[in-house]
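# Secondary and tertiary structure notes
Residue-level listing of the chains:
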Amino acid sequence: MKKLINDPGDVVSEALQGMAAAHPDRLRVDLENRIVYRKDAPRPGKVGLISGGGSGHEPMHGGFVGLGMLDAACAGEVFTSPVPDQMMAATKAVDAGAGVLHIVKNYTGDVMNFEMAAELAAADAGTEVQSVVTNDDVAVQDSLYTAGRRGVGVTVLLEKIVGAAAEEGQPLPQVADLARRVNDNGRSMGMALTSCTVPAAGKPTFDLADNEMEVGIGIHGEPGRQRLPLAPAREIAAMLVDPVVTDLPYQQGDSVIAFVNGMGGTPLIELYLMYNEVAQLLDRAGITVARSLVGNYITSLEMAGCSVTLLKVDDELVRLWDAPVNTPGLRWGA
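Residues numbered from 1 in each chain as written. Predicted model: local features only at pLDDT ≥ 70, side-chain atom pairs only at ≥ 80, totals over all residues. Heavy atoms only, no water.

Identification of the chain as phosphoenolpyruvate--glycerone phosphotransferase from Kribbella pratensis is taken from an unreviewed UniProt entry. Under Catalytic activity (unreviewed entry), UniProt gives the following word-for-word description of the chain: "dihydroxyacetone + phosphoenolpyruvate = dihydroxyacetone phosphate + pyruvate". Database annotation for the chain, UniProt heading Subunit (unreviewed entry): "Homodimer. The dihydroxyacetone kinase complex is composed of a homodimer of DhaM, a homodimer of DhaK and the subunit DhaL." (UniProt positions renumbered as here; feature names shortened; annotations may be inferred.)

Here it is, written out as structure tokens:
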């Protein structure tokens, strides 16, 4: 494998050291527990927001710590859930008296470990914790790492919108309800042109021929709906958009945030080309794009491919989306 690493076993810890060195104005990093904190956390009166998961999906989650998004993110090994002790330490550290919201992608290890951490924090420090599980992937019902649908692209949009609400001082029940509303109104589907290589494994997670693509892929390389011959971008866009639109379903007159996400190895020129195809499909369906996001935000190491996420929005959700954010991975208005 060809990677910019030293030792495969040190990738996560050395990357966290790099985050700390690159963003001392915004972040502080607990290297021992592998937790990225907002520099000014905890903030009195503010609900603390925590997420986390396996590394290899950057900038998700550590890159979304900061003003207007998360207060802390727990990093596991590559594609491996953080442990409950990490999550409990983060929960206690960001609790400023208003409670803590856990934002959890629907992967079995993440769900189980966050649940355990919430129980431990409540018993040890009396911290009030609520949890919201994202499960927006329409591709498959069950997968290698999940019971039920996988949590993918809507997690990024949820962390931004809910982060803005917490920044305003909204109380924990209201923030949690908002998170559930965002998850309920978001749907995603992805595809891959190549596999990815986990540093510790040293070889691709799966084999995909040069003339093949995997539609419905998961962010850890989990199998998708089907393996097909490579197709033009407009056909791929339809393969992703049509199942997403029909699942909620989205209807003529709806307004959405349209998010075309890169899986890590696809250049922006191709992502913008894909966004153009997605936008045309939505226009023909009578769906209005209120806001858009294009880029690599929830990745799978160097996998080439993309995903499409649609979030049905109203004026309140758009207002919260537009609110200032200042994180390493997402920044505007601040």
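Across all of its chains, the model carries 3 aromatic pairs by this definition. When the ring of Phe 64 is compared with that of Tyr 297, the centres are 6.5 Å apart and the planes differ by 25°; the resulting orientation is stacked. You can see Phe 64 sitting in the loop between strand S3 (48–55) and strand S4 (72–78) and its partner Tyr 297 sitting in the loop between strand S11 (288–295) and strand S12 (305–312), a full 233 residues away along the chain. Its relative accessible area of 0% is what places Phe 64 among the buried residues. These aromatic residues form a ring-pair network of at least three members: Phe 64, Phe 259 and Tyr 297. Across the ring face of Tyr 37, the terminal group of Arg 28 is positioned such that the distance to the ring centre comes to 4.7 Å. (Phe/Tyr/Trp six-rings, centres within 6.5 Å; stacked < 30°, edge-to-face > 60°. Helix = DSSP H or I, 4+ residues; strand = E, 2+ residues; numbered from the N terminus. Buried < 20%, exposed > 50% of the residue type's maximum accessible area, 1.4 Å probe, protein only. Lys NZ or Arg CZ within 6 Å of the ring centre and 35° of its normal.)

So, about the sheet that holds S11. In space, the 6 strands of this open sheet follow the order S9-S8-S7-S12-S10-S11, with mixed pairing throughout. The sheet is open, and its two borders are formed by strand S9 (226–229) and S11, each paired with just one other strand. On average, adjacent strands in this sheet sit at an angle of 20° to one another, irrespective of strand direction. Direction of pairing for strand S10 (residues 255–262) relative to S11: parallel, over a ladder of 7 bridges. The partner of Ser 255 across the bridge, within S11, is Thr 288. Where helix H5 (residues 172–184) meets the sheet, it contacts strand S7 (186–192) and S12, and its direction lies at approximately 50° from that of S7. (Pairing = 2+ DSSP bridges. Axes fitted to C-alpha atoms, helices over the stretch in contact; angles between N-to-C directions. Contact = heavy atoms within 4.5 Å.)

Right, let's talk about the pattern of salt bridges for a bit. One pass over the structure, following the stated rule, counts 21 salt bridges. Residue Asp 25 is joined to Arg 26 by a salt bridge in which the shortest nitrogen-to-oxygen separation is 3.7 Å. Residue class for Arg 26 comes out buried when judged on its relative accessible area of 16%. Measuring nitrogen to oxygen at the nearest pair gives 2.5 Å for the salt bridge that ties Glu 77 to Arg 34. Placement of Glu 77 in strand S4 and of Arg 34 in the loop between strand S1 (27–30) and strand S2 (35–38) is noted, with a sequence separation of 43 residues between them. Take Arg 34: its relative accessible area is 18%, and that puts it in the buried class. Beyond isolated ion pairs, a larger network of salt bridges with shared partners links Arg 38, Asp 40, Arg 43, Lys 46, Asp 71 and Glu 167. (Salt bridge = Lys/Arg side-chain N within 4 Å of Asp/Glu carboxyl O.)

Two numbers describe how H5 lies on helix H8 (residues 315–322): the axes approach to 12 Å, and their chain directions differ by 105°. In terms of axis orientation, H5 runs roughly perpendicular to H8. Together, Leu 178, Arg 181 and Val 182 of H5 and Glu 316, Leu 317 and Leu 320 of H8 make up the contact between the two elements. A per-class count over the contact of H5 with H8 returns 4 nonpolar, no polar and 2 charged. (Parallel < 35°, antiparallel > 145°, perpendicular 65-115°, else oblique. Nonpolar A, V, L, I, M, F, W, Y, C, P; charged D, E, K, R; others polar.)

Attention now goes to the side chain of Asn 261. Relative to the elements of secondary structure, Asn 261 occurs in strand S10. With a relative accessible area of 0%, Asn 261 lands in the buried category. Among the polar contacts listed, one links the side chain of Asn 261 to the backbone oxygen of Ile 298, at a separation of 2.8 Å. Asn 261 has contacts with Leu 271, Gly 295, Asn 296, Tyr 297, Ile 298, Gly 305, Cys 306 and Ser 307, leaving out every residue within four places of it along the chain. (Polar contact = N/O pair within 3.5 Å; in protein donor to acceptor, adjacent residues only side chain to side chain.)

Cis peptide bonds are those with omega within 30 degrees of zero, and the linkage from Glu 58 to Pro 59 qualifies with 10°. Its location among the elements puts Pro 59 in the loop between S3 and S4. A cis amide bond links Met 60 to the next residue, His 61, at an omega of 0°. Take His 61: it is sitting in the loop between S3 and S4. With a phi close to 60°, Phe 79 is a non-glycine residue in the positive phi region. Tracing the backbone through its elements, the reader meets Phe 79 in the loop between S4 and helix H2 (84–94).

The subject of this paragraph is the domain arrangement of the chain. Taken domain by domain, the chain consists of domain 1 (11–185) and domain 2 (187–312). Here domain 1 and domain 2 have C-alpha centroids that lie 24 Å from each other. Each partner contributes to the interface: domain 1 provides 32 residues, whereas domain 2 provides 33 residues. Both faces combined, the contact of domain 1 with domain 2 buries some 2,600 Å², and carbon together with sulfur accounts for 66% of it. Three residues, Phe 79, Val 138 and Asn 185, lead the burial of domain 1 against domain 2; their summed loss comes to 24% of the area buried on that side. (Domains from an automatic or database assignment. Buried area = accessible area lost by both parts, 1.4 Å probe.)

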